[in-house]
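# Residue-level structural notes
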Amino acid sequence: MTNYIFVTGGVVSSLGKGVTAAALGRLLKSRGVTVSIQKLDPYLNVDPGTMSPYQHGEVFVTEDGAETDLDLGHYERFIDENLSRASNVTSGQIYAEVIGRERRGDYLGGTIQVIPHVTNEIKRRIAAVAKASEAQVVIVEVGGTVGDIEGLPFLEAIRQMRKDVGRDKTLYLHVTWMPYVAASGELKTKPTQHSVRELRSIGIQPDVIVCRSDHPVEDSLREKIALFCDVDVEAVVPLVTADTVYAVPLELEQSRLAHYVLSRLGYSQAVATAAEHGDHLAEWRALVARAREDKPMLKIGVVGKYVELEDAYMSVREALLHAAWALGYGVEITWISSEDLEKGRSAHLLETVDGIVVPGGFGYRGIEGKIVAARFARQQKVPYLGLCLGMQVLCIEFARHVFDSDEPNSVEFDPTTRVPVIDLMPDQRAVEELGGTMRLGIYPCNLVAGTRAAAAYQVNTVMERHRHRFEFNNAYRAILEKAGLVFSGLSPDGRLVEIAELRDHPWMLGSQFHPEFKSRPTAPRPLFLGFIRAVEAHVRGRAQLAESGAVKHVRD
Ligand code: GLN
């Protein structure tokens, strides 16, 4: 029988509820308990694929090609398990399903209502994750904040589940915020009390309260919350904002959260306390130590359209950190607006970085700025990693150079270009007209021996996640190959270019897929490692050059 942990949030959004859920998952998994995890999003979009990154941050892609909430990225990185489409449910999906059934007449003339039809569909989807994963514990995070109108059906569904599966098989964990009032120099518990009252008014009594704050939480405050909110003192878990999200499992371990949760769910003391005996978190502790140790910093410029919101490139940022930490470096990211580059501003920023990343994106806005970045990287021999759109930009810029023309482009940005280096595949065009759209999820890529891509991966075939519509146009393969573009990764049938790199450059490479989605803190992704190594070599080479220049200067 599955146990369920339901995670809700109160007071304000952006509390790190997703990280908390993911970190708890890590603690359970490290005790040998099998875990799966699911996010319920109350918005009415069917998936976040259509939402602006400004609204929602990055769209995370699963192995099976679902476009999901970025919290799934946290889940995968912390729990180190691949999740599926079933792990992200939105109100949009629920209503589409229920209304679809109603149209088919499945409800036999009944009146369709939020309770029970919508709530039953929500419960069915929660149970589906339990069934498919066969996990001992399923963690279910409800998006949004308690009190949101959209969230009510989800809260009602998880309330019912306590009755459906049993009191001892369910646990409600509420994450709240404790504001600090500078005038009196104290943390306040009142918003937490109000938020718990709100939760109770819909019939949910939390078992655990995780109190996020920017300041240490004293025991007297924990006791106060325990008293007012009717939970055990051990179940009031402070979580002070950490310097790195990867420290959160260790913080929660210190508060013995997993011990409390597992005891409440009826696990033996042996399992609950496993942590306190073995070094089940050794790998994780080593990771946090690496993240925190004093180390040389590499400056990476990330050129994108949504740079004001770092969350829009969350997995890219994390993948850079994972790879750098593994090699003993830190990363300082300079976010460079592609639109600024396009308008001739910010070009000086490119000169201050040791490596350039052009991440994924859609639409014409900012494209010419990304081309400026690719041109700079090619001419100045600065390491460059292109991710999806970043690969397309690499190819377009190279073609413009080879043909000495501004004409080469992607049909996405210039539908009438006479040199469509990036195009739809012929068989795709028909699909496009029918409204079928993106290539999503994992596909194999064969690596070509002797290339930088093959050196990075050290295997013949890799599986990586995709989210794109356009492809490198094979009509330009031969001519660009001759000019120095190496197609180092191809689909097994050889038709699709998966990786392109420059021959006459220390390390300039782009992948049509998104390796960042498979990077884990304890298992960095090879292309990021390859890139960071190239950046390291670039920095070292520059230092040597400066040194020899200085020596020369002295001799002169
Ligand atoms: N817009 C490009 C395409 O659809 C790239 C997509 C991306 O970077 N994810 O092919």
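Values in this document were obtained by computation on a predicted structure and should not be read as measured data.

## With respect to the pattern of salt bridges
Going through the model one piece at a time under the given rule, you end up with 41 salt bridges. A salt bridge links Glu67 to Arg467, with the nearest nitrogen and oxygen atoms 2.6 Å apart. Here Glu67 is found in strand S4 (residues 67–68), whereas its partner Arg467 is found in strand S19 (residues 461–468), with 400 residues between them in sequence. Both residues of the pair, Glu67 and Arg467, count as buried. For Glu156, the salt bridge is made with Arg159, and the minimal N-O distance between the two is 2.9 Å. One end of the pair is Glu156 and the other is Arg159, both in helix H6 (residues 152–165) and three residues apart, which spans about a single turn. Given the relative accessible area of 30%, Arg159 is considered partly exposed. Salt bridges sharing partners connect three or more residues here, namely Glu63, Glu76, Asp80, Arg465, Lys518 and Arg520.

## A few points about the sheet that holds strand S11 (residues 236–240)
Reading across from one edge, S5-S2-S6-S1-S7-S10-S11 is the order of the seven strands in this open sheet, with parallel pairing throughout. A single partner strand is all that each edge strand has here, and the edge strands are strand S5 (88–90) and S11. Sheet twist, expressed as the average angle between the axes of neighbouring strands with direction ignored, equals 20 degrees. Across six bridges, strand S2 (residues 35–41) lies against strand S6 (residues 137–142) in parallel orientation. Note on S6: the bridge partner recorded for Ile37 is Ile139. Packing against the sheet, helix H4 (residues 91–104) makes contact with S2 and S5, and its axis sits at approximately 65 degrees to S5. Running at roughly 150 degrees to strand S7 (residues 170–177), H6 makes contact with strand S1 (3–9), S2, S5, S6 and S7 of the sheet.

## Details of the pairing of strand S21 (residues 485–490)
Counting buried residues along S21, five of its six residues qualify, which places the element largely inside the surrounding structure. Here strand S18 (residues 439–447) pairs with S21 via two bridges, running antiparallel. Opposite Asn446, over in S21, you have Leu490 as the bridge partner. The pairing of S21 with strand S22 (residues 497–502) spans five bridges and is classified as antiparallel. The partner of Phe487 across the bridge, within S22, is Ala500.

## Observations regarding the site of the ligand
Neighbouring the ligand are Gly360, Gly361, Phe362, Cys388, Leu389, Gln392, Glu412, Arg467, His468, Arg469, Phe470 and His514. If you list the elements that add at least two residues to the shell around the ligand, you get helix H18 (389–403) and S19. Across the shell around the ligand, the residue classes tally to four nonpolar, five polar and three charged.

## Here's the deal with the packing of aromatic side chains
This model, assessed by the stated rule, comprises twelve aromatic pairs. With a centroid separation of 5.9 Å and an interplanar angle of 50 degrees, the aromatic rings of Trp507 and Phe531 are classed as tilted. Taken together, the residues Trp507 in the loop between S22 and strand S23 (508–511) and Phe531 in helix H22 (residues 526–555) connect sequence positions 24 residues apart. Per residue, the accessibility class of Trp507 equals that of Phe531, and both read buried. Connected via pairs of aromatic rings, a cluster forms that spans Phe78, Tyr246, Trp284 and Trp325. The lysine or arginine in question, Arg439, covers the ring of Tyr443, its NZ or CZ lying 4.3 Å from the ring centre.

Parameters and conventions
Residues numbered from 1 in each chain as written. Predicted model: local features only at pLDDT ≥ 70, side-chain atom pairs only at ≥ 80, totals over all residues. Heavy atoms only, no water. Salt bridge = Lys/Arg side-chain N within 4 Å of Asp/Glu carboxyl O. Helix = DSSP H or I, 4+ residues; strand = E, 2+ residues; numbered from the N terminus. Buried < 20%, exposed > 50% of the residue type's maximum accessible area, 1.4 Å probe, protein only. Pairing = 2+ DSSP bridges. Axes fitted to C-alpha atoms, helices over the stretch in contact; angles between N-to-C directions. Contact = heavy atoms within 4.5 Å. Near = heavy atom within 4 Å. Nonpolar A, V, L, I, M, F, W, Y, C, P; charged D, E, K, R; others polar. Phe/Tyr/Trp six-rings, centres within 6.5 Å; stacked < 30°, edge-to-face > 60°. Lys NZ or Arg CZ within 6 Å of the ring centre and 35° of its normal.

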